[in-house]
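Now for the letters of each chain:
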Amino acid sequence: AKKSSQKWSPFFEQLNGLAGNQIVFDRILIQSLSFPVRIQGRADNEKVIVNFKNTIASQPNLEKANLPLTGIRPTADRRMSFELSFVIKSLNR
């Protein structure tokens, strides 16, 4: 069973690297590789969020990045919250 299990550490390292120090993750929901990953997070402004979505979309192992503009909202601390989803094609980059 251990040999057939997926290795998630490289994926989370990749995601953290793509976010850099401008994106803060509040929640990451992964049900399985068959369902889209859903991220809720915060950033200083909308431009940073859109750039993050575009960076996700440009990754060869990720696809169908979706960032509904209605999901970008101001927060009490003058940042912007967002909801983003994408599909993992492969856990390998």
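We now turn to the structure provided with this report. Not measured: the values here are computed from a predicted model.

Within the secondary structure layout, Phe52 lies in helix 2 (residues 46-57). Along the sequence, Phe52 and Phe12 sit 40 residues apart, while their C-alpha atoms lie 15 Å from each other. When neighbours within four sequence positions are excluded, Phe52 is seen to be in contact with Leu15, Leu18, Ala19, Ile23, Phe25, Phe82 and Leu84.

All right, on to helix 2 then. In this model helix 2 runs 17 Å from its N-terminal to its C-terminal C-alpha over 12 residues, within 8% of the 16 Å that 1.5 Å per residue would give. Among all positions in helix 2, only Val48, Ile49, Phe52 and Ile56 are buried. Considered in projection along helix 2, the buried side chains sweep an arc of 100° and stay on one side of the axis. Elements that come into contact with the buried residues of helix 2 comprise helix 1 (9-19), strand 1 (23-29), strand 2 (37-43), strand 3 (62-66) and strand 5 (80-88). Taking the backbone nitrogen of Lys47 as reference, a side-chain oxygen 3.1 Å away marks Asn45 as the first, capping residue of helix 2.

Calculation notes
Residues numbered from 1 in each chain as written. Predicted model: local features only at pLDDT ≥ 70, side-chain atom pairs only at ≥ 80, totals over all residues. Heavy atoms only, no water. Helix = DSSP H or I, 4+ residues; strand = E, 2+ residues; numbered from the N terminus. Contact = heavy atoms within 4.5 Å. Expected span 1.5 Å × (residues − 1). Buried < 20%, exposed > 50% of the residue type's maximum accessible area, 1.4 Å probe, protein only. Arc of directions from axis to C-beta. Polar contact = N/O pair within 3.5 Å; in protein donor to acceptor, adjacent residues only side chain to side chain.

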